[in-house]
Amino acid sequence: MPPRFQSRLYVWSLFVLFLTVLYLPPILMMITPAKAVSEIEKRPLAAFPAWHWEIPSIWSFPTKLNAYIRDHFGLRDILVGCRAILSIKVLNSSPVSSLRIGKEGWFYWNKHQLSEDFRGRHPMSASDRLIFLEGMRCKEQWLAERGIRYLMVIAPEKQTIYPEYLPEYLQRNKGRTRFDQIRESIVQGYPGLDPLAFLDLKDALLRQKKRHQIYYRTDTHWNFRGGLVCYEEIAKRLSAWFPDITPNPRSFFQELVIPNEEGGDLLQQVNAHGVFREDRPIFQPQYVCSGRWSVETIKTSIPAFGMGCEGAHHKAIVFRDSYFNFVLPFLSEHFAEIIYIWNSYDQTIVQQMIDTFHPDIVIEEFLERFLSPPVTDHRENWKVIQAMSQEHFSAAPIAVAHIATAKDILPIHDASIDTGSSPVILNASGIDPYVLLQPTLPPHAIHLYLKMRISAPAPTELQAFYLVSGNRKYDEAYSATVLLSSGWNTVYLTLPGTDFSGPIRLDPGKAPGTYEIESIDIRSDGIGAEGQAPIRGNS
């Protein structure tokens, strides 16, 4: 071939290649049906923006169009994967903020403030812990009154069990996490909460990791070895309540390892899971008896299904997340019927299913990362606490006190009371106002339930402290908290315990300003033999 022809062929080849690279992605974008959800990134993709002649729509159209092009650009998934592989393998840099690169081929999830939580940068406040623990206590007590057990299981994050593969700067700055705080609070004891209602998996997982790898390197989840540990610990706890439930021994399962499988969800989000691979263990039981069937709850948008075995004796409801996929094949073998609901604890669903399903236990499992945002953002805990406290108040037969005038309220700190006003006017001059409620409480009262009608100057938190025999100071451990919105609120609080030894301390809120108290009603389940007669205050 003549050199001149070779030169022209080379030029034309480069020209064709250039046009292909330039025009193939937009052509593919135009001829390929637009997807609504990215299977790789597990997120909704931007839709093509609608055109409107209003000025705001015209101004926002270019931004929306740009977002659509970024999400639907031709060959986007391939280009994303190539960029991720180059970034990780060559530059040792994460291509996305949600992925953290660890040591020796380990990867970590980097959302939900996990790095900050690992370093102890966002500890739980006292009110955060109270909200969480009081939510647990309310659920456990409400179910116990109906003969149903309650168990909370928090699945530890991979960084909690495998911190040694995190980058050095994180390991050097390890702090006290929110999970640590919850574990410590429950070990120390919370009034009215059965300590068996919380299952701590951390120590069992740390022991097992010395023998096997129990979390995936390329995935957020534990593997089936970790799931088996969780199953064993749950079954052991259940055996304390239901002696016929005992965990199957390890010899009941044959462990198989699928070698060199595609990487997990951490790398799937950047389309690099085919390059970073790892072994996947599975467990084959000697036999399987549990079937599977579909279940509909009152909230039809929430995924749910049932499993169970003929010949078993108990029923359960499990609120769970994806971590429980590695547990349910083992746990289902011990129940006649067990319903799995992919959602956080939902009191509405529980109340509906109790009437039709009659469970023996409700299990709530969720991941440690969901402790990382402030617990006060978890409005479901507030709903449960308020609903159950209202129910307890309505059912309590003995009226202890009715407070509606200023003489029954003694201002102590950052607070003053306008005498003679109705409703009672409480002026808070600082961020820590508190008063004492004057009526003497019966020392042998069995739990107290408060209903308050109160107006707040801004969104804030109200907290009620109480004294029991043996404690002289008002303590966070003996208090109840409730959210207030700006304006009028009707709120309920439950004060568990007996032998109340002093007046209730009321902290109306952390916002300075004017609070109005229309009424405070206090009731009790009963008064012990040595208790004083119930007090009916001013009416």
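Keep in mind that what you see is a predicted model, and the values were worked out from it rather than measured.

Here we take up the overall build of the chain. Secondary structure summary: the chain contains 14 helices and 24 strands in total. With 539 residues in all, the chain has 49% of them scored as buried. Restricting the contact set of the chain to residue pairs at least 6 apart, pairs at least 24 apart contribute 73%.

One key point about sheets: their strands pair by backbone hydrogen bonds, in either a parallel or an antiparallel sense. On the basis of which strands lie adjacent, the open sheet formed by 7 strands has the order β6-β5-β13-β11-β12-β10-β9 and mixed pairing. Of all strands in the sheet, those bounded by a partner on one side alone are β6 (198-199) and β9 (291-294). Bridging between strand β5 (residues 149-155) and strand β13 (residues 361-367) involves 7 bridges; their strand directions are parallel. Opposite Tyr150, over in β13, you have Val362 as the bridge partner. On the sheet, helix α13 (residues 347-357) packs against β11 (315-320) and β12 (337-342) and is oriented at approximately 160° with respect to β11.

What follows is about the pattern of salt bridges. Overall, the coordinates contain 19 salt bridges when judged by the stated rule. Asp180 is paired through a salt bridge with Lys202; the nearest N and O atoms lie 3.5 Å apart. A residue pair is termed long-range when its members are at least 10 positions apart, and Asp180 in helix α8 (residues 178-188) and Lys202 in helix α9 (residues 202-209) qualify at 22 residues. For Glu232, the salt bridge goes to Arg250, with nearest N and O atoms at 2.6 Å.

Moving on to the pairing of β13. The element β13 is extensively covered by neighbouring structure, given that 7 of its 7 residues are classed as buried. Side chains Ile361, Ile363, Glu365 and Leu367 project from β13 onto one buried face, and the interleaved Val362, Glu364 and Phe366 project onto a second face that is buried too.

Let's shift gears to the state of the cysteines. Summed over all chains, the structure comprises 1 disulfide. Covalent S-S linkage joins Cys289 and Cys309, the inter-sulfur distance amounting to 1.9 Å. Taking the torsion about the S-S bond as the criterion, the Cys289 to Cys309 disulfide, at about 90°, is right-handed. Taken together, the residues span a long stretch of sequence, with Cys289 in the loop between β8 (277-285) and β9 and Cys309 in the loop between β10 (304-308) and β11 at a distance of 20 residues. Relative accessible area serves as the criterion here: at 36%, Cys289 is assigned to the partly exposed category. Owing to a relative accessible area of 4%, Cys309 belongs among the buried residues under this scheme.

An order of β15-β18-β23-β20-β21 is seen for the 5 strands of this open sheet, with the pairing classed as antiparallel. Edge positions in the open sheet fall to β15 (409-413) and β21 (479-484), since each of these has one partner strand only. On average, each strand axis in the sheet is inclined to that of its neighbour by 25°, with strand direction left out of account. Sheet analysis places strand β20 (residues 460-465) next to strand β23 (residues 505-507), joined by 3 bridges and oriented antiparallel. When the sheet's bridge partners are listed, Phe465 is paired in β23 with Arg505.

What follows deals with empty space enclosed by the protein. Scanning all chains against the criterion turns up 2 cavities of 30 Å³ or more. For the lining of the largest cavity, the secondary-structure elements that each account for two or more residues are β4 (107-109) and α6 (158-161). Looking at the lining of the largest cavity, its residues break down into 3 nonpolar, 2 polar and 3 charged. In this model, the second largest cavity occupies a volume close to 30 Å³. For the lining of the second largest cavity, the residue count by class is 5 nonpolar, 4 polar and 1 charged.

Attention now moves to the side chain of Ser98. Inspection of the secondary structure assignment puts Ser98 in the loop between α3 (76-90) and β3 (99-101). Looking at Ser98, its side chain comes within polar contact range of the side chain of Gln269, at 2.7 Å. Setting aside residues up to four positions removed in sequence, Ser98 forms contacts with Tyr108, Trp109, Asn110, Lys111 and Gln269.

Here we come to the nonpolar core. Core analysis: the biggest nonpolar cluster contains 49 residues, and Tyr215, Trp222, Ile234, Leu238, Leu331, Tyr340 and Ile361 have the highest contact counts within it. When residues in this core are grouped by element, the largest group, 8 residues, is from helix α10 (residues 224-241). Apart from residues lying up to four places away in sequence, Ile234 is in contact with Leu151, Val153, Leu199, Phe324, Val327, Leu331 and Ile363. The next biggest cluster of nonpolar side chains, apart from the first, holds 38 residues, and it includes Cys138, Leu193, Ala197 and Ile341.

What follows concerns unusual backbone geometry. Along the chain, Ser422 connects to Pro423 via a cis peptide bond; the corresponding omega equals 0°. Within the fold, Pro423 resides in the loop between β16 (415-418) and β17 (424-428). One non-glycine residue with positive phi stands out, namely His358, at about 55°. For His358, the location among the structural elements is in the loop between α13 and β13. Look at Asp414: it is not a glycine, yet its phi comes out positive at around 50°. Within the fold, Asp414 resides in the loop between β15 and β16.

Take a nonpolar patch on the surface next. A cluster of nonpolar side chains, namely Tyr10, Val11, Leu14 and Leu17, defines an oily patch on the protein surface of about 420 Å² accessible area. Tracing the backbone shows Val11 in helix α1 (residues 3-31).

Applying the stated criterion to the full structure yields 25 aromatic pairs. Ring pairs connect the aromatic residues Tyr216, Phe224, Tyr231, Phe252, Phe253, Phe283, Tyr287, Phe326 and Phe330, which therefore count as one cluster. Its guanidinium or amino end placed over the ring of Phe118, Lys174 lies 5.0 Å from that ring's centre, counting from NZ or CZ. Positioned above the aromatic ring of Phe179, the side-chain terminus of Arg183 is 5.7 Å from the ring centre.

Analysis parameters
Residues numbered from 1 in each chain as written. Predicted model: local features only at pLDDT ≥ 70, side-chain atom pairs only at ≥ 80, totals over all residues. Heavy atoms only, no water. Helix = DSSP H or I, 4+ residues; strand = E, 2+ residues; numbered from the N terminus. Buried < 20%, exposed > 50% of the residue type's maximum accessible area, 1.4 Å probe, protein only. Contact = heavy atoms within 4.5 Å. Pairing = 2+ DSSP bridges. Axes fitted to C-alpha atoms, helices over the stretch in contact; angles between N-to-C directions. Salt bridge = Lys/Arg side-chain N within 4 Å of Asp/Glu carboxyl O. Disulfide = S-S within 2.5 Å. 1 Å grid on protein atoms, 1.4 Å probe; cavity = no way out; pocket = protein on both sides within 12 Å on 5 of 7 lines; lining within 4 Å. Points joined across faces, edges and corners; volume = space filled by probe spheres on them. Nonpolar A, V, L, I, M, F, W, Y, C, P; charged D, E, K, R; others polar. Polar contact = N/O pair within 3.5 Å; in protein donor to acceptor, adjacent residues only side chain to side chain. Core = buried A, V, L, I, M, F, W, Y, C linked by side-chain atoms within 4.5 Å. Patch = residues over 30% accessible without salt bridge, like charges linked within 9 Å, V, L, I, M, F, W, Y side chains within 5 Å. Areas by Shrake-Rupley, 256 points an atom, 1.4 Å probe, with all protein chains shown as cover. Phe/Tyr/Trp six-rings, centres within 6.5 Å; stacked < 30°, edge-to-face > 60°. Lys NZ or Arg CZ within 6 Å of the ring centre and 35° of its normal.

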